[in-house]
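Next come the chains, spelled out residue by residue.
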Amino acid sequence: MDDHGTQDKRKHKRYPISDDTVVLCEATIGSVLDISEGGLAIKYFKPKSLPEESTALVFSGEQDFLVSELPLKMVRKEEVQFSTLADTHTQTVGVKFNNPDAKQKDQILQFIAALD
């Protein structure tokens, strides 16, 4: 990477998610937009205030994937107004995996391999 920031800063390739993969974090359900070896992008409707660090359950019925107690750390948050009539907002959150254990890492790698 050069010092001028012209290249992508991401360490890991992102894989878009087009199925039913969801995240349950702090009693809030979000839809996974993409995944990498390092983290997730999640879209929440009617977002609640999420902590900077938490654990989550990630589930996909279509891919037969479930990982629980996955430690996450928020690295990006963007709120967008979804409907002015209903005053509804969505929030896209970028999280990194915050020192997952060996089993969780293996589960994530297997899930990504099935997407590739």
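A brief look at the structure comes next. None of the values given here were measured: they were computed from a predicted structure.

## Focus: the overall build of the protein chain
Phase 1 of the analysis: Scanning the protein chain from N- to C-terminus turns up one helix and seven strands.
Phase 2 of the analysis: Along the protein chain, helices (α) and strands (β) appear in the sequence β-β-β-β-β-β-β-α when read from the amino end.
Phase 3 of the analysis: For the protein chain, the proportion of its 116 residues judged to be buried stands at 36%.
Phase 4 of the analysis: Partitioning the intrachain contacts of the protein chain with sequence separation of at least 6 by distance along the chain shows that 51% fall at a separation of at least 24.
Phase 5 of the analysis: Accessible surface, the protein chain: about 7,500 Å² in total, of which carbon and sulfur atoms supply 48%.

## Section: the pairing of strand 4 (residues 39-45)
Phase 1 of the analysis: With five of its seven residues buried, strand 4 lies for the most part within the structure.
Phase 2 of the analysis: With four bridges connecting them, strand 3 (residues 28-35) and strand 4 associate as antiparallel partners. Across the sheet, the residue bridging to Asp 34 is Ala 41, located in strand 4.
Phase 3 of the analysis: With antiparallel pairing between neighbouring strands as the criterion, strand 3 and strand 4 make up a hairpin whose turn holds three residues.

## A few points about unusual backbone geometry
Phase 1 of the analysis: With a phi close to 60°, Ala 27 is a non-glycine residue in the positive phi region.
Phase 2 of the analysis: By relative accessible area, which is 63% here, Ala 27 ends up exposed.
Phase 3 of the analysis: We note that Glu 69 has phi near 55°; this positive angle belongs to a residue other than glycine.
Phase 4 of the analysis: Looking at the element boundaries, Glu 69 is found in strand 6 (residues 65-83).

## Overview of the environment of Val 58
Phase 1 of the analysis: Looking at the element boundaries, Val 58 is found in strand 5 (residues 53-60).
Phase 2 of the analysis: Residue Val 58 is classed as buried on the basis of its relative accessible area of 3%.
Phase 3 of the analysis: When residues no more than four places from it in sequence are discounted, the contact partners of Val 58 are Thr 21, Val 22, Val 23, Leu 40, Phe 65, Leu 66, Val 67 and Leu 70.

## A word on the environment of Ala 41
Phase 1 of the analysis: In this structure, Ala 41 sits in strand 4.
Phase 2 of the analysis: Overall, the relative accessible area of 7% leaves Ala 41 in the buried class.
Phase 3 of the analysis: For the pair Ala 41 and Gly 30, spaced 11 residues apart in sequence, the C-alpha to C-alpha distance is 9.6 Å.
Phase 4 of the analysis: The contacts of Ala 41, once residues within four sequence positions are left out, are Arg 14, Ser 31, Val 32, Leu 33, Asp 34, Arg 76 and Val 93.

What counts and how
- Residues numbered from 1 in each chain as written.
- Predicted model: local features only at pLDDT ≥ 70, side-chain atom pairs only at ≥ 80, totals over all residues.
- Heavy atoms only, no water.
- Helix = DSSP H or I, 4+ residues; strand = E, 2+ residues; numbered from the N terminus.
- Buried < 20%, exposed > 50% of the residue type's maximum accessible area, 1.4 Å probe, protein only.
- Contact = heavy atoms within 4.5 Å.
- Areas by Shrake-Rupley, 256 points an atom, 1.4 Å probe, with all protein chains shown as cover.
- Pairing = 2+ DSSP bridges.

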